[in-house]
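Given next are the chains, with one letter for each unit.
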Amino acid sequence: MATLSEHVNAEFLRLWVFVLVLLLMSGWESWRPFRPRPRGGRRWTNLLLAVVDAGVLRLFFPMLAMGVAHWATQTGFGVLNIITMPVWCAVVLSLLLLDLLVYWQHRLFHRIPVFWRMHAMHHSDVQFDASTGLRFHPLEIVVSMLLKMGVVAVLGAPLLAVVLFEMLLNASALFNHANIKLPTRFEYYLRGLIVTPDMHRIHHSVNPAEHHRNFGFMLSVWDRLFNSYCREAKQNPQTMELGLKRFRQPEEQTLKALLIQPFRAQ
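Residues numbered from 1 in each chain as written. Predicted model: local features only at pLDDT ≥ 70, side-chain atom pairs only at ≥ 80, totals over all residues. Heavy atoms only, no water.

Caption draft 1: Fine view of the packing of aromatic side chains. Overall, the coordinates contain eight aromatic pairs when judged by the stated rule. Taking 6.2 Å as the distance between ring centres and 80 degrees as the angle between the ring planes, the aromatic pair formed by Tyr103 and Phe215 counts as edge-to-face. Here the residue Tyr103 occupies a position in helix H4 (residues 87-111), and Phe215 occupies one in the loop between helix H10 (208-211) and helix H11 (221-225), the gap between them amounting to 112 residues. With respect to burial, Tyr103 and Phe215 carry one shared label: buried. (Phe/Tyr/Trp six-rings, centres within 6.5 Å; stacked < 30°, edge-to-face > 60°. Helix = DSSP H or I, 4+ residues; strand = E, 2+ residues; numbered from the N terminus. Buried < 20%, exposed > 50% of the residue type's maximum accessible area, 1.4 Å probe, protein only.)

So, in structure tokens, the structure goes:
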């Protein structure tokens, strides 16, 4: 049974893993960037957005997904708390289903206009680096958390599974947005399992036919399974145009402009 202290420790562990992966990816980008390193303060703006998102979550949700997992375990709520199975099986199943949720949420956010207005801010970044993985509108973060909390409750996902998933999801977002180049053969095999920067960069192409593909965040199998996989972009990945045609000017990249972007014409 998960205790409250375990929940608190899990929060700190998730935060430290996030910071370490962010520092690692930032260092890798500085040491060997795939594309010319972006100039200006957009990375700080993206980082500030992550701080705003965290504040909004703490303000409106005293119990996040890990808190829901703790509650479900204590009360015996959820499918996995009713069905008898080994703990490792419940953890693996929860990880797979939560990653599948993120895939379909991401895909629907591209197709449903009201959600696309929120998610488009993520795509309006005309550069592509680890900080892009932090660039999400607070409204999108709130909707995502509500969905995640609901699925965690219905599943009765173990706290361990939710902790691992949150860490893996954060690390994946930083890694697959990183401005790095992996060795070609290694990237080919790695892409068969997880989403790589070369695969996800296509998703940030200015071309709608490409940025409406490759929706996976962690496992790459979902894009192949549900026919949304794009192997390579039409343009050279080192020079391909990124972002959205609507929001390209420098004044569109300020914190204020990003926060009001969903309420403007798109």
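Caption draft 2: Examining helix H6 (residues 138-155) more closely. Compared with the 26 Å implied by 1.5 Å per residue over 18 residues, the 25 Å span of H6 between its first and last C-alpha is a close match. Of the surrounding secondary structure, the elements contacted by the buried residues of H6 are helix H2 (42-60), helix H3 (65-75), H4, helix H5 (113-123), helix H7 (159-176) and helix H12 (255-260). Immediately downstream of H6, the backbone of Gly156 shows phi near 70 degrees, a positive value. (Expected span 1.5 Å × (residues − 1). Contact = heavy atoms within 4.5 Å.)

Caption draft 3: Expanded view of the side chain of His122. Topologically, His122 is positioned in helix H5. Overall, the relative accessible area of 1% leaves His122 in the buried class. A distance of 3.3 Å separates a polar atom in the side chain of His122 from the backbone oxygen of Thr132. Leave out the neighbours within four places in its chain, and His122 touches Thr132, Gly133, Arg135, Phe136, His177 and His204. (Polar contact = N/O pair within 3.5 Å; in protein donor to acceptor, adjacent residues only side chain to side chain.)

Caption draft 4: The nonpolar core, seen in detail. Grouped together as the largest cluster of nonpolar side chains are 33 residues, with contacts concentrated most on Phe61, Met145, Val152, Val162 and Phe165. Of all the secondary-structure elements, those providing two or more residues to this core are H2, H3, H4, H6 and H7. It is H7 that provides the largest number of residues to this core, a total of eight residues. If we skip the residues at most four places from it in the chain, Val162 touches Ala65, Met66, Ala69, Val152 and Ala157. Core analysis: the next-biggest nonpolar cluster, separate from the first, contains 13 residues, Phe18, Leu22, Ala178 and Ile180 among them. (Core = buried A, V, L, I, M, F, W, Y, C linked by side-chain atoms within 4.5 Å.)

Caption draft 5: View of unusual backbone geometry. One non-glycine residue, Asn214, adopts positive backbone phi at about 55 degrees. Position of Asn214 relative to the elements: it lies in the loop between H10 and H11. A positive phi angle, near 60 degrees, is found at Asn227, a position not held by glycine. Residue placement: Asn227 occurs in the loop between H11 and H12. Note on Asn227: relative accessible area 61%, which makes it exposed.

Caption draft 6: Quick look at a nonpolar patch on the surface. Judged by side-chain polarity, Phe12, Leu15, Trp16, Val19 and Leu23 come together as a nonpolar surface patch covering roughly 530 Å² of accessible area. Tracing the chain through its elements places Leu15 in helix H1 (residues 4-31). On the accessibility criterion, Leu15 (42% relative accessible area) is partly exposed. (Patch = residues over 30% accessible without salt bridge, like charges linked within 9 Å, V, L, I, M, F, W, Y side chains within 5 Å. Areas by Shrake-Rupley, 256 points an atom, 1.4 Å probe, with all protein chains shown as cover. Salt bridge = Lys/Arg side-chain N within 4 Å of Asp/Glu carboxyl O.)

Caption draft 7: Local environment of the packing of H2 against H6. In contact at an axis separation of 9 Å, H2 and H6 are set at 45 degrees when each is read in the N-to-C sense. The angle between H2 and H6 places the two elements in the oblique class. Taken as a pair, H2 and H6 cross one another with a handedness that is right-handed. Contacts from Val52, Asp53, Val56 and Leu57 of H2 reach H6 at Pro138, Ile141, Val142 and Met145. When its residues are assigned to classes, the contact of H2 with H6 shows seven nonpolar, no polar and one charged. (Axes fitted to C-alpha atoms, helices over the stretch in contact; angles between N-to-C directions. Parallel < 35°, antiparallel > 145°, perpendicular 65-115°, else oblique. Left-handed = near helix turned anticlockwise from the far one by under 90°. Nonpolar A, V, L, I, M, F, W, Y, C, P; charged D, E, K, R; others polar.)

Note that all results are geometric; they support no functional claim without further evidence.
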